[in-house]
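These are the residues of each chain, in order.
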Amino acid sequence: MTEHVEWGEPDVPAAPVQTAAVTPADAADAARLVAFGLQPKLQPARDQEYAELLRRYREDPVFARLADAVATGLGLVVLEVSPRAGMAVTAAEDSVFAVRMGDYARRTSADSGDRFLHGLAHLAVAAMAFPRPEDLADDGYIGRVSVNGVDAFVRQACRRLEERADEHGENTDPATDAPGLEAAWRIWARRSSTGATKDARRLAGSTTGIIGKAVAFLTDSGFLQRTGDDGGGTYRTTARYQLQVRDMAGSAAMAELLELGIVPVTDGTASLLPAEDTEDLELAADAGLPFHS
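Let's talk about the overall build of the protein
Helix and strand content of the protein: 11 helices and five strands. In the protein, which comprises 293 residues, the proportion classed as buried is 43%. Here the analysis covers contacts within the protein between residues at least 6 apart in sequence; of these, 62% occur between residues at least 24 apart. Only carbon and sulfur atoms are counted for the fraction: they give 52% of the accessible area of the protein, which is about 15600 Å².

Remarks on the pattern of salt bridges
Close approach of charged atoms allows side chains with opposite charge to pair. Scanning all chains against the criterion turns up 11 salt bridges. In this structure, E80 engages R84 in a salt bridge whose closest nitrogen and oxygen atoms are separated by 3.0 Å. Judged by relative accessible area, which is 17%, E80 ranks as buried. Judged by relative accessible area, R84 falls into the partly exposed class, the value being 31%. The salt bridge partner of R155 is D151, with a shortest N-O separation of 3.4 Å. Taken together, the residues R155 and D151, both in helix α7 (residues 147–167) and four residues apart, mark about one turn of the helix. The two residues R155 and D151 agree in class, both being buried. If you follow the salt bridges from partner to partner, you end up with E80, R84, D139 and R246 in one network.

Side note on the environment of V145
With respect to the helices and strands, V145 occurs in strand β3 (residues 144–146). A relative accessible area of 2% means that V145 is categorised as buried. Placed 92 residues apart in sequence, V145 and T237 show a C-alpha to C-alpha distance of 8.3 Å.

Details of the sheet that holds strand β5 (residues 234–237)
Here we have three strands laid out as an open sheet, ordered β3-β5-β4, and antiparallel in their pairing. With one partner strand each, in any of the chains shown, β3 and β4 (224–228) form the two edges of the open sheet. For this sheet the average axis-to-axis angle between neighbouring strands, irrespective of direction, equals 35°.

Quick word on the pairing of β5
As paired elements, β3 and β5 share three bridges and run antiparallel to each other. Looking across to β5, one finds that V145 is bridged to Y235. Examined bridge by bridge, β4 and β5 share four bridges and lie antiparallel to one another. Looking across to β5, one finds that R226 is bridged to Y235.

As for the environment of R84
Within the secondary structure, R84 sits in the loop between β1 (76–82) and β2 (86–91). Sequence separation between R84 and Q43 is 41 residues, and the spatial gap between their C-alpha atoms is 8.3 Å. Residues within four places of R84 in sequence aside, it is in contact with D139, A239, Q242, L243 and R246. A distance of 3.0 Å separates polar atoms of two side chains, one belonging to R84 and the other to E80.

Overview of helix α10 (residues 239–248)
With seven of 10 residues buried, α10 is to be regarded as a mostly interior element. Turning to α10, its buried residues number three or more, namely A239, R240, Y241, Q242, L243, Q244 and V245.

Here's the deal with the confidence of the model for the protein
Residues of the protein with pLDDT of at least 70 account for 64%, and the chain-wide mean is 75. Predicted confidence is poor over residues 174–180, with pLDDT under 50, and the contacts of this stretch with residues over four places away or in other chains come to 10 contacts.

Let's talk about the nonpolar core
Nonpolar side chains in soluble globular proteins tend to be buried together. Ranked by size, the top nonpolar core spans 34 residues in total, and within it V125, V150, V154, W188 and Y241 carry the most contacts. Among the elements of the structure, α5 (114–129), α7, α8 (181–190), α9 (207–220) and α10 are those that each provide at least two residues to this core. No other element matches the 10 residues that α5 contributes to this core. Among the nonpolar cores identified, the runner-up in size contains 19 residues, and L54, Y57, M87 and A98 belong to it.

A closer look at the side chain of T219
Within the secondary structure layout, T219 lies in helix α9. Overall, T219 belongs to the buried group, its relative accessible area being 17%. With residues near it in sequence (within four places) discarded, T219 still touches K41, L224 and Y235.

Quick notes on the rules
- Residues numbered from 1 in each chain as written.
- Predicted model: local features only at pLDDT ≥ 70, side-chain atom pairs only at ≥ 80, totals over all residues.
- Heavy atoms only, no water.
- Helix = DSSP H or I, 4+ residues; strand = E, 2+ residues; numbered from the N terminus.
- Buried < 20%, exposed > 50% of the residue type's maximum accessible area, 1.4 Å probe, protein only.
- Contact = heavy atoms within 4.5 Å.
- Areas by Shrake-Rupley, 256 points an atom, 1.4 Å probe, with all protein chains shown as cover.
- Salt bridge = Lys/Arg side-chain N within 4 Å of Asp/Glu carboxyl O.
- Pairing = 2+ DSSP bridges.
- Axes fitted to C-alpha atoms, helices over the stretch in contact; angles between N-to-C directions.
- Polar contact = N/O pair within 3.5 Å; in protein donor to acceptor, adjacent residues only side chain to side chain.
- pLDDT = per-residue confidence, 0-100.
- Core = buried A, V, L, I, M, F, W, Y, C linked by side-chain atoms within 4.5 Å.

Quick look at the structure:
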C-alpha cells in the first residue's frame, strides 16, 4: 500500500529587512540636534533647521536612535523631544556638562555655609513653581515665582520646622557648618533678607541676593523667563524647567518641603498652611536643582 504524500511549496527563507545605512551626514545631523538641545534659550519655532531636525527625530526611528546615542555618549539624558520643549536634555552625574552645587556656590561666595543656602534657594523655587503633582503632570501649566516670594516662603518653612522641632524636643540650634538641609534652613533663618549697600543694592550674601543668583542662573539656562521687576523680580517657568523638576521631583528634600503645606497659587507669592503631622522623611544632603552633589 502506497501512502500518498501532499507536497507543499518549498520553504523560502524570508528576505532580510533592508535598513538604510547610517551615513556620516546622519551622524552630523544627530549631533547637530543634540547641540541645539544644549542651547536651552533657542526656540524651535524660531529656527528652521532646529524644527526640521525635530520633525526628523519624531518621524525617523533610526535617526531618533542615533540622536539618543549621541546624547548618551555625551552623558546626557533626553527628557523630551517635542515642538514645545525642543530636544530637552539634562546632564547625568558623570557628564562633562553637569553643574555641581559646590562649583556653583564657590563662584558666588567663599562661605562654605552658603553652599547649602544656594541649594535651598533652587529647591524652594522649584517647589513654588510646581506646588502640586498635577502641576508637574500638566504640560500646559505655567508656574510663577518672585524673589521676595521665595524668600518669604523659605522663612515660613523655617518657622514651621522650628515649631516641629520644638514639639519633638529636638535640637533647634545645630552648628552652622553642619551638613544637610536642616542646617541650611537654620542658616537661612539667621541670614539677613536683603542686607544693605550704600547705593541700596541687595547684598549677594543676603537671602534675596542668593535667590536672585538662583533665578538668574535658571533664566540663563532657559528654565525661567523674567516677566517683571515686582517682588524683587518675577519669573515664569518654561517647558524645559517643568521637565527638569519633573525628573527631580522624587527627592526626599523636595517632598519634605512640599509636605509643610503650600497654597497652590501662581502669582509668585505662595505661602505655607499648617500641615498634618506626617512621618519624617530623610533629607537629601546638599539637595538642589538642577545640580549634582
